[in-house]
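A look at the structure
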Amino acid sequence: MKTYLLSALTFFAATTALAQSPATLRGHISGLNHNHKVYLVDIDAPSHFIALDSTVIADDGSFLLHMGLKSPHMCSLAFYQRLAQPLSNGNTMLQLFRLPLFLDGRDNISLASDTTRLLDDSRSEGDRLLATDIQGGGKTLADYMAYRRFITVPEDSALLASYAETDAYFKHDGDKTKYSDIILRKEQTAARLDSLKTVWLEQHATTAVAAFLLSRRYYQDYTYPVALMNKWIAACTADGAEDTARVSWLSRNADIVRKQSLDIPFHDFKAQKTDGSVVALSALRQPGKFTLIDFWASWCGPCKAAIPKIKKFYTANRSRLTVVSVSVDEKKDNWTKAVKQEAMPWTQLWLTGKNMEEAASAYVINSIPRLVLIAPDGKIVKVTFDPEVIFKTIMEK
């Protein structure tokens, strides 16, 4: 399907990383030589990476890079090995490891380590960074190193729990009843990690690192309550905030983020019913009930897999729940055929044209299934792809 997402959230990274600065990053990694190359990459925006500099490493393991930054940005120092024979995909370079660095381009940096520590597969990127001797970089990098010391262990635990869930999913063909304990472990470690990030953000709100953490949450639509987002925005953009460029970006995009947060009134939209008439979502909601919007399409396998689960829950909870399925199929015939096949006992709608654009933008529909739960008071309380998360939210209310 087409997407209609706002592009404003990529503006900061695309416009503030290109100015040149004289600051350099000088490194020495024992065990590397002229068969290796290092790249300094700006990864500040989730989907917009910028190569800042690269060089072949000297035979003594030394290298020199120019940062080319004028404000704090999340970067990655990526090390590659030149291969004697190309890989099957044609690549002649193999990535060995990466080091995350938060740089502002103001102060020179020197770092030193060795391949014994950095090529240890048991280490995460954060752990590799903490095993590296780093000098310079000013307050920006010092704050980031403090953050890494605070967050790396719980971050690694959450990552391992996520890997374990993925392994269990394939082992048990997606039957969650057979690995519910692993799912719970993943949820707990992820929640703890997010909570610790919040603690660090709130305790160091005026630092450049905190502003970066909040900027990443700007991309996590419908994840945090609007009251919390307002609290963090106020704290990170207050007088004395260190990263004025990012503070300006946070302020400019704050209204967009507020409209894509939890605990806000639902966004109304219009769509076509199976009889050809057009109806607004607001006309379908019922007093005292939750409303579940299921954005789906006839060609979407995961969407169809979710329908029997929703049917079962809906049948048992009709007194509390209204369901509205909203198709994003491009062709109406495909939609009407799928509606007959699936025999869903609730209202069916089809989005097209301007109505599609408005709904896709309001609910950030960049993938489906997209399940939106509206509480009886009309506020959005959960957005997810997983019907089990919706069911759990309803039962806990």
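This report concerns the structure included in the present document. Bear in mind that the values here come from a model prediction, so they are computed numbers and not experimental data. Once a new chain begins, its residue numbering starts again from 1 and follows that chain's sequence as written. In keeping with the predicted nature of the model, local features appear solely for residues at pLDDT of at least 70, side-chain atom pairs appear and are counted solely at 80 or more, and the whole-chain, interface and lining totals rest on all residues. Hydrogens and waters are ignored; side-chain quantities use all the structure's heavy atoms.

1. Concerning the packing of aromatic side chains
Aromatic pairing here means that ring centres of Phe, Tyr or Trp (its six-membered ring) are within 6.5 Å. Orientation follows from the plane angle: under 30 degrees is stacked, over 60 is edge-to-face, and everything else is tilted. Taken as a whole and judged by the stated rule, the model has 18 aromatic pairs. Aromatic pair Trp335 and Trp350: ring centres 6.0 Å apart, planes at 15°, arrangement stacked. Remark: Trp350 occurs in strand β13 (residues 347-350) and Trp335 occurs in helix α11 (residues 332-342); sequence separation between them is 15 residues. There is no split in this pair, since Trp335 and Trp350 are both buried. By the criteria applied, helices consist of DSSP H or I runs no shorter than four residues and strands consist of E runs no shorter than two, each listed in order from the N terminus. Think of it in three bands: with a 1.4 Å probe and only protein chains considered, a residue is buried below 20% of the maximum accessible area for its type, exposed above 50%, and partly exposed in between.

2. Overview of the side chain of Thr24
Relative to the elements of secondary structure, Thr24 occurs in strand β1 (residues 24-30). The contact criterion used throughout is that any non-hydrogen atoms of two residues lie within 4.5 Å. If sequence neighbours within four positions are ignored, Thr24 has contacts with Leu64, Leu65, His66, Met67, Asp107, Asn108 and Ile109.

3. Quick look at the sheet that holds strand β9 (residues 270-273)
Paired strands are those between which DSSP finds at least two bridges. On the basis of which strands lie adjacent, the open sheet formed by seven strands has the order β10-β9-β13-β12-β11-β14-β15 and mixed pairing. Each end of this open sheet is capped by a strand with a single partner; those strands are β10 (278-280) and β15 (380-384). Each strand axis lies, on average, 30° off the axis of its neighbour in the sheet, ignoring direction. Note that β9 and β10 share three bridges and pair antiparallel. Axis definition: a line fit to C-alpha positions, over the contact stretch in the case of helices; interaxial angles, taken between N-to-C directions, run 0 to 180 degrees.

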